[in-house]
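Next come the chains, spelled out residue by residue.
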Amino acid sequence: MAISSAWLVFCFLFLRHAVVELEASHHVYRNLQVSSSPSEHQPYRTSYHFQPPQNWINDPNGPMIYRGLYHLFYQYNPKGAVWGNIVWAHSTSTDLVNWTPHEPAIYPSQPSDINGCWSGSTTILPWGTPVFLYTGIDPQNHQVQNLAIPKNLSDPYLREWVKSPKNPLMAPTSANQINSSSFRDPTSAWLGPDGTWRVIIGSKRHTRGLAILYRSKDFIRWVKSQHPLHSAKDTGMWECPDFFPVMVNSKLGVDTSIMGPDVKHVLKVSLDDTKHEYYTIGTYNLGKDIYVPDKGQVDSDSGLRYDYGKYYASKTFFDSAKNRRILLGWINESSSVADDIKKGWSGVHAIPRTLWLDTSGKQLVQWPIREIEKLRGHEVHLPKQVLEGGSALEVSGVTAVQADVEVSFGISELEKAEMLNPSWTNPQVLCSKKGASVKGGLGPFGLLVLASKGLQEYTAVFFRIFKGQDKYVVLMCSDQSRSSLNNDNDKTNYGAFLEVDPSREKLSLRSLIDHSIVESFGGKGKACITARVYPTLAIDDKAHLHVFNNGTENVQFTVSAWSMKKAHLS
Ligand SMILES: *[C@@H]1O[C@H](CO)[C@@H](O)[C@H](O)[C@H]1NC(C)=O
Ligand SMILES: *[C@@H]1O[C@H](CO)[C@@H](O)[C@H](O)[C@H]1NC(C)=O
Ligand SMILES: *[C@@H]1O[C@H](CO)[C@@H](O)[C@H](O)[C@H]1NC(C)=O
Ligand SMILES: *[C@@H]1O[C@H](CO)[C@@H](O)[C@H](O)[C@H]1NC(C)=O
């Protein structure tokens, strides 16, 4: 109770100041509105992956549900298609599919954020009030942590936010030894049974990645813990940490403050050095306030990833309306900066995914939110049939440039699988070595998406099956090498090992195709790979979709493909 009264006093004192400040800074924002007009034909704009009408976007920030309405904030440059002038842009949605834009919620307006309003998270206080903790860049270009609260809790759109006059609430000092250039991206805070709030902030010391832990009784006075919640050597700066509980043996999500024997904890970090994310599953020891990854979890860049393609700066939130945990992520471009400026925009967000702990307890599973299926239009279904080695079959009748495709493969003669060389431990390297055109025994088989009529261009998403020491090993690849005749793009082949036993279950693949995005889910969400591609021929109604098998052995398959309708994005 001490907390709520302190909080109310704070809000009361503070709301009186806020009006003047907000009016002043609104004027500043209007000046930022000037923008270049984007170029004419736009074959790479998405139809159902979130993006604003133009300009640069990156990290999703502070996602939440408030009074039945979903809120998305995101890093945005109102002035252009490259990073800079960063504010928190704001959109709301009733279904996480169709979005209504609002004015930016947070923009530079006080000393503690005058040089930038960077990433952060929402915490829902026990009585339902959402608050932001976010990183501000101060006049010395130091990274500090700030608090903002909604101005009017009766406004369901939460259009205006007021910043604490006590900002910054956490700052690097000579005493606390925090690196002022490496201290950012606060998580949602969680409340212990001892009535103390905790939050972690990404950092590093030399080359050790750190999740610096702060504690507070009242959400305003934060004290740094002596030790981080967790750290790992040689991982470099940890950006956008995320720390949350997942239920054991249930797909349901839980609030960030839930603890106990029925949950495991997940720590995800985004590595500034490699632009990869990884996560571990482990135990949160509340007594010691430390997180310990489970035995066998890999605590480095070669660990588990949400997505083995282009995917970064992700963040989850608990959807209390549907009891699920939802993951949002930024999909960066793979084109040159010059191309981004020409098209007038850069960056999109992935389709929100529900995420839960796999029954093995060793990894997470992710699946596109159910609501996205509302966009499915005309369906083409091909019943079970054989696809001979070295053949392909066009799936016609859907808008291949904007589609949702589910294919499933059955393999009868597993003994024809190639031997796995024990040195092939890196799936991305293996996919680069064995692209779609390299014949194997079982595989490559999968989808050719965004394919041009004569197959001069296509992106191949496929599987290969190998015989390992004591089990079959399934490799999932997304091969961009022939995705575009334009060679000025990053065409890295992506890969992941898929924890599926092909002798017991079918190999399934779902791809969400959206003009310049191929977002793929293997093994019902056990491995995900997102690719950015920029076809020059396979655009608009000139894109085609095929199922292919370039292995020597036959496989069986069934496919369902849907034309996707356009979402309301801005
Ligand atoms: C708060 O929002 C509600 C709902 O939009 C509105 O009716 C009310 O006038 C707002 N109050 C203030 C002080 O702006
Ligand atoms: C602090 O972070 C900056 C930015 O990454 C880095 O250049 C600098 O070396 C770091 N300082 C220390 C002592 O680690
Ligand atoms: C975004 O993509 C560009 C171009 O491929 C690359 O240089 C940059 O490192 C990427 N950044 C992230 C965070 O993925
Ligand atoms: C299948 O293999 C043949 C011969 O190796 C190759 O020419 C063709 O491009 C491959 N198909 C795909 C989709 O890569």
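Procedures and definitions
- Residues numbered from 1 in each chain as written.
- Chains lettered and ligands numbered in written order.
- Predicted model: local features only at pLDDT ≥ 70, side-chain atom pairs only at ≥ 80, totals over all residues.
- Heavy atoms only, no water.
- Helix = DSSP H or I, 4+ residues; strand = E, 2+ residues; numbered from the N terminus.
- Buried < 20%, exposed > 50% of the residue type's maximum accessible area, 1.4 Å probe, protein only.
- Contact = heavy atoms within 4.5 Å.
- Phe/Tyr/Trp six-rings, centres within 6.5 Å; stacked < 30°, edge-to-face > 60°.
- Near = heavy atom within 4 Å.
- Polar contact = N/O pair within 3.5 Å; in protein donor to acceptor, adjacent residues only side chain to side chain.
- Areas by Shrake-Rupley, 256 points an atom, 1.4 Å probe, with all protein chains shown as cover.
- Nonpolar A, V, L, I, M, F, W, Y, C, P; charged D, E, K, R; others polar.
- Salt bridge = Lys/Arg side-chain N within 4 Å of Asp/Glu carboxyl O.
- Pairing = 2+ DSSP bridges.
- Axes fitted to C-alpha atoms, helices over the stretch in contact; angles between N-to-C directions.
- UniProt positions renumbered as here; feature names shortened; annotations may be inferred.
- Core = buried A, V, L, I, M, F, W, Y, C linked by side-chain atoms within 4.5 Å.
- Domains from an automatic or database assignment.
- Buried area = accessible area lost by both parts, 1.4 Å probe.

Brief notes about the environment of Tyr-107
Note that Tyr-107 resides in the loop between β4 (100–106) and β5 (117–124). Here the alpha-carbon distance between Tyr-107 and Leu-213, two residues 106 residues apart in the chain, equals 26 Å.

Side note on the side chain of Ser-182
Take Ser-182: it is sitting in the loop between β8 (161–163) and β9 (183–184). With relative accessibility at 5%, the residue Ser-182 sits in the buried group. Not counting chain neighbours up to four residues away, the residues in contact with Ser-182 comprise Gln-143, Gly-202, Ser-203, Lys-204 and Met-237.

Structural notes on the packing of aromatic side chains
Under the defined criterion, the tally for this structure stands at 28 aromatic pairs. Taking 6.0 Å as the distance between ring centres and 70° as the angle between the ring planes, the aromatic pair formed by Trp-88 and Tyr-134 counts as edge-to-face. A residue pair is termed long-range when its members are at least 10 positions apart, and Trp-88 in strand β3 (residues 87–93) and Tyr-134 in strand β6 (residues 130–137) qualify at 46 residues. Of the residues examined, Tyr-134 reaches a relative accessible area of 0% and is grouped as buried. With a centroid separation of 5.1 Å and an interplanar angle of 80°, the aromatic rings of Trp-197 and Phe-219 are classed as edge-to-face. Of the two residues, Trp-197 is situated in strand β11 (residues 197–205) and Phe-219 in the loop between β12 (208–216) and β13 (222–224); the sequence distance between them amounts to 22 residues. A residue is classified by how much of its surface remains accessible, and Trp-197, at 4% relative accessible area, is buried.

What to know about the site of ligand 4
Inspection of the region around ligand 4 gives Ala-436, Ser-437, Leu-448, Tyr-458 and Asn-550 as its neighbouring residues. Ser-437 has a polar backbone atom sitting 3.3 Å from an oxygen atom of ligand 4. Asn-550 has a polar side-chain atom sitting 2.4 Å from an oxygen atom of ligand 4. Taken by itself ligand 4 offers 360 Å² of open surface, and the protein chains cover 60% of this. Partitioned by chemical class, the residues of the shell around ligand 4 number three nonpolar, two polar and no charged.

Concerning the pattern of salt bridges
Pairing is possible between side chains that carry opposite charge, provided their charged atoms lie close to one another. Tallying each qualifying case throughout the model produces 34 salt bridges. Lys-151 is paired through a salt bridge with Glu-160; the nearest N and O atoms lie 3.8 Å apart. Overall, the relative accessible area of 30% leaves Lys-151 in the partly exposed class. A salt bridge links Asp-155 to Arg-159; the shortest N-O distance between them is 3.2 Å. A relative accessible area of 11% places Asp-155 in the buried class. The class of Arg-159 is partly exposed, set by a relative accessible area of 42%. A single network of salt bridges, built from pairs that share partners, joins Arg-370, Glu-373, Arg-376, Asp-404, Glu-406 and Arg-510.

A short note on the sheet that holds strand β35 (residues 527–532)
The pairing of strands in a sheet happens through backbone hydrogen bonds and is either parallel or antiparallel. The six strands lie next to each other as β25-β37-β27-β33-β34-β35, forming an open sheet whose pairing is antiparallel. Both edges of this open sheet fall to β25 (376–387) and β35, since each of them pairs with a single strand only. For this sheet, the mean inter-axis angle between neighbouring strands, taken without regard to orientation, is 15°.

Regarding the UniProt feature "domain: Glycosyl hydrolase family 32 N-terminal" (unreviewed entry) in the protein
The UniProt entry lists residues 49–368 under the feature "domain: Glycosyl hydrolase family 32 N-terminal" (unreviewed entry), expressed in the numbering used here. Its end C-alpha atoms 12 Å apart, residues 49–368 is made of 2% helix and 48% strand.

Details of the nonpolar core
Counting residues in each nonpolar core, the largest one holds 45 residues, and the members touching the most others are Phe-409, Phe-463, Ile-465, Leu-507 and Leu-545. Setting aside anything within four residues of it in sequence, one finds Phe-409 in contact with Phe-445, Gly-446, Phe-463, Lys-506, Leu-507, Val-547, Val-555, Gln-556 and Phe-557. Counting residues in hydrophobic clusters, the runner-up holds 27 residues, among them Tyr-48, Tyr-76, Leu-96 and Cys-528.

Focus on the domain arrangement of the protein
Domain boundaries in the protein define domain 1 (2–368) and domain 2 (377–564). Just the C-alpha atoms count here: the centres of domain 1 and domain 2 sit 33 Å apart. Contact with domain 1, which involves 32 residues of that partner, is made by 35 residues of domain 2. Of the roughly 2800 Å² buried between domain 1 and domain 2 on both sides combined, carbon and sulfur atoms contribute 52%. For the domain 1 face of the interface with domain 2, the top three residues by lost area are Tyr-44, Tyr-48 and Tyr-308, together amounting to 25%. With a closest N to O distance of 2.8 Å, Glu-333 and Arg-532 form a salt bridge. Of all the elements, strand β24 (residues 364–368) adds the most residues to the side of domain 1 that touches domain 2, at five residues. Taken together, the residues of the side of domain 1 that touches domain 2 break down into 14 nonpolar, 11 polar and seven charged.

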